[in-house]
Amino acid sequence: MAKGDDAVRKKKNKVLRKRLNADPSTLSTRIAGIIAAKQRRKQGKRRQCEGMCFTLPTPEDPFNEGIRKKEPKANKKKKLKAKKLVSEMNSEKVEGKQKVKASPKTVVECLNAIQEAFVKDGTFSGNKAKPVMVNTWGMKFWKSCSEGSDVLETSGGSSTVEQIAWVVSTAAAMFTKKVKGDANPFLLFLVPSKEKAIKVRSVCKHLKGLGVQTVSIHSGKSLDQQIDGLKSCEPDFLVSTPDRLLELIAVKAVDISAISLLVVDGLESFAKDGSFEKIKSIREAVTGVPQTVIFNNSSDRITSSTQRKLLRKQFCTLSLYDSVTSQNA
């Protein structure tokens, strides 16, 4: 190459460098586009048309526009309801309270999983499925738990399927992944009978797909069989009757010392069959002060002595018929 050609090439390169370093507002549209494309390549970002070089088109999407098939109207309605519920739950944040722990998005995902499973297996009809997602009691319960308050439910009955769904969904949203090697459950759900344990387990099992493992322990199965079952998995939620749980604690088959949420379902039933002392023993096995939820299946007001033993000083009273009110134990 002649010497004159070298000089011409150097001059052109110098002009290009000046253009690249110049203010983009002073450049022509073509040069500014070239510079922008180069910067996107360096950052690993590409325009949709540039991505065609790397993604093969399909008959359904020949131009790689990412157009998906239109979703059925039913799915669109569910998504709109979920978005509305999340926005309502986000608007419930109160200034000066503890930071919300239970993510509304996770609560909605859990409720959707439970609702769809119940509609599929016939537990709910299509019309009955609506209250699981849109439930005033559930919204109030979520708000109280998210603020860190204990909850006393005084409707006068044991928990319903809808209430169980909201309790376990809120617990799942509050639940964080355990440290590796930590076998302590996050939620302990105490029930008065085998039948009630099966009912609660039938709701919790639908959260397995979301990473929440639930184990139910009660009479009807041998103690050795349940010990082996607990050894084979590390449950996140534990549903149990007081008698069987104390037996497992005595042989060190389960450790409940680090539970974060304690649910006592049917306080009046425990008091009548003499199991209340066993509940106090279980509570003493827990270190720290777990958040507590009590379903008092009696029309009578819970005694102040029971409040001091199970509930923290500040708690919320919640009913299917009334609004939430804060009380001191």
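Since we're looking at a predicted model, the values are computed, not measured.

Of the regular secondary structure elements, the chain holds 13 helices and eight strands. When burial is assessed residue by residue, the chain has 41% of its 329 residues classed as buried. Sequence-distant contacts, at least 24 apart, represent 70% of the contacts inside the chain between residues at least 6 apart. Here the chain displays about 19,600 Å² of accessible surface, and carbon together with sulfur accounts for 52% of that area.

This brings us to the packing of helix H7 (residues 161–174) against helix H8 (residues 194–204). Contact pair H7 / H8: the axes reach a minimum separation of 9 Å and the direction vectors enclose 55°. Relative to H8, the element H7 is oriented oblique. Our pair here, H7 against H8, has a crossing hand that is right-handed. The segment H7 lies against H8, with Val-161, Ile-164, Ala-165 and Val-168 engaging Lys-196, Lys-199, Val-200, Val-203 and Cys-204. By residue class, the composition of the contact of H7 with H8 is seven nonpolar, no polar and two charged.

Per the counting criterion, the structure on display carries two aromatic pairs. Centre to centre, the rings of Trp-137 and Phe-141 are 5.2 Å apart; their planes meet at 10°, and the pair counts as stacked. Of this pair, Trp-137 and Phe-141 are both found in helix H6 (residues 136–146), four residues apart, which corresponds to roughly one turn of the helix. One aromatic cluster is present, formed by Trp-137, Phe-141 and Phe-295 through successive ring pairs.

Bringing unusual backbone geometry into the picture now. Most peptide bonds adopt trans geometry, and most residues besides glycine take a negative phi value. Positive phi, normally seen in glycine, also occurs at Lys-252, with a value near 60°. Here Lys-252 lies in the loop between helix H10 (242–250) and strand S5 (261–265). When its relative accessible area of 76% is taken as the criterion, Lys-252 is described as exposed.

A packed helix pair is summarised by two numbers, namely the angle formed by the two axes and the spacing between the axes. Close contact between H10 and helix H12 (residues 276–284) brings their axes to 10 Å; oriented N to C, the two are set at 40°. Put simply, H10 runs oblique to H12. Our pair here, H10 against H12, has a crossing hand that is left-handed. From H10, Pro-242, Asp-243, Leu-245 and Leu-246 reach across to H12, where they touch Lys-278, Ile-279, Ser-281 and Ile-282. The class makeup of the residues in the contact of H10 with H12 is five nonpolar, one polar and two charged.

It is worth spelling out the pattern of salt bridges at this point. This model, assessed by the stated rule, comprises four salt bridges. Note that Lys-278 and Asp-243 form a salt bridge whose closest N and O atoms lie 2.3 Å from each other. Placement of the pair is Lys-278 in helix H12 and Asp-243 in helix H10, with a sequence separation of 35 residues. Relative accessible area serves as the criterion here: at 30%, Lys-278 is assigned to the partly exposed category. With a relative accessible area of 38%, Asp-243 lands in the partly exposed category. A salt bridge links Glu-277 to Lys-280, with the shortest nitrogen-to-oxygen separation between them at 3.0 Å. Here the residue Glu-277 and the residue Lys-280 both occupy positions in helix H12, the gap between them amounting to three residues, near one helical turn. Its relative accessible area of 49% is what places Glu-277 among the partly exposed residues. Among the residues examined, Lys-280 registers a relative accessible area of 17% and is labelled buried.

Looking at the secondary structure, you find Ser-240 in strand S4 (residues 237–240). By relative accessible area, Ser-240 is classed as buried at 0%. Discounting chain neighbours no more than four positions away, the residues touching Ser-240 are Phe-189, Leu-190, Val-191, Ile-217 and Leu-245.

With that out of the way, let us pick up the side chain of Thr-292. Its location among the elements puts Thr-292 in strand S6 (residues 291–295). A polar atom in the side chain of Thr-292 sits 3.3 Å from the backbone oxygen of Pro-290. Ignoring anything within four residues of it in the chain, the contact list for Thr-292 reads Asp-150, Val-151, Leu-262, Leu-310 and Leu-311.

Turning our eyes to something else, we now look at the nonpolar core. Core analysis: the largest hydrophobic core is formed by 42 residues, its most contacted members being Val-168, Leu-187 and Phe-237. The biggest single contributor to this core is H7, with 10 residues.

Before going further, it helps to examine the environment of Pro-185. Take Pro-185: it is sitting in the loop between H7 and strand S2 (187–190). Using a relative accessible area of 1% as the deciding quantity, one classes Pro-185 as buried. In this structure, the C-alpha to C-alpha distance between Pro-185 and Ile-256, residues 71 residues apart in sequence, is 6.6 Å.

Rules behind the numbers
Note on numbering: residues in each chain are counted from 1, in written sequence order. For a predicted model such as this one, the threshold for reporting local features is a pLDDT of at least 70, and the threshold for listing and counting side-chain atom pairs is 80 or more; totals across whole chains, interfaces and linings nevertheless cover every residue. Each side-chain value is worked out from all heavy atoms of the structure, with water and hydrogens disregarded. Secondary structure elements are taken from DSSP: a helix is a run of H or I of four residues or more, a strand is a run of E of two residues or more, and numbering for both begins at the N terminus. Burial classification: accessible surface area is computed with a 1.4 Å probe over protein chains only, and a residue below 20% of its type maximum counts as buried, one above 50% as exposed, and the rest as partly exposed. Here, two residues are considered to be in contact whenever any of their heavy atoms come within 4.5 Å of each other. Note on areas: these come from Shrake-Rupley sampling with a 1.4 Å probe, and a residue is covered only by the protein chains present in the view. Think of each axis as a best-fit line through the C-alpha atoms, taken over the contacting stretch in the case of a helix, with angles from 0 to 180 degrees between the N-to-C directions. Here is the rule for angles: anything less than 35 degrees is roughly parallel, anything more than 145 is roughly antiparallel, 65 through 115 is roughly perpendicular, and the remaining ranges are oblique. In this scheme the crossing of two helices becomes right-handed for a clockwise turn of the near helix relative to the far one and left-handed for an anticlockwise turn of less than a right angle. Throughout this entry, Asp, Glu, Lys and Arg are counted as charged residues, while Ala, Val, Leu, Ile, Met, Phe, Trp, Tyr, Cys and Pro are counted as nonpolar. The remaining residues, Gly among them, count as polar. Here is the rule: rings of Phe, Tyr and Trp (six-membered ring for Trp) pair when centre to centre is within 6.5 Å. Planes less than 30 degrees apart are stacked, more than 60 are edge-to-face, and the remainder are tilted. One speaks of a salt bridge when a side-chain nitrogen belonging to Lys or Arg is within 4 Å of a carboxyl oxygen belonging to Asp or Glu. Between N or O atoms, a polar contact is any pair within 3.5 Å; within protein, one atom must be a potential hydrogen donor and the other a potential acceptor, and residues adjacent in sequence are included only when both atoms are from side chains. Definition of nonpolar core: a set of buried residues of the types Ala, Val, Leu, Ile, Met, Phe, Trp, Tyr and Cys, connected through side-chain atoms within 4.5 Å.

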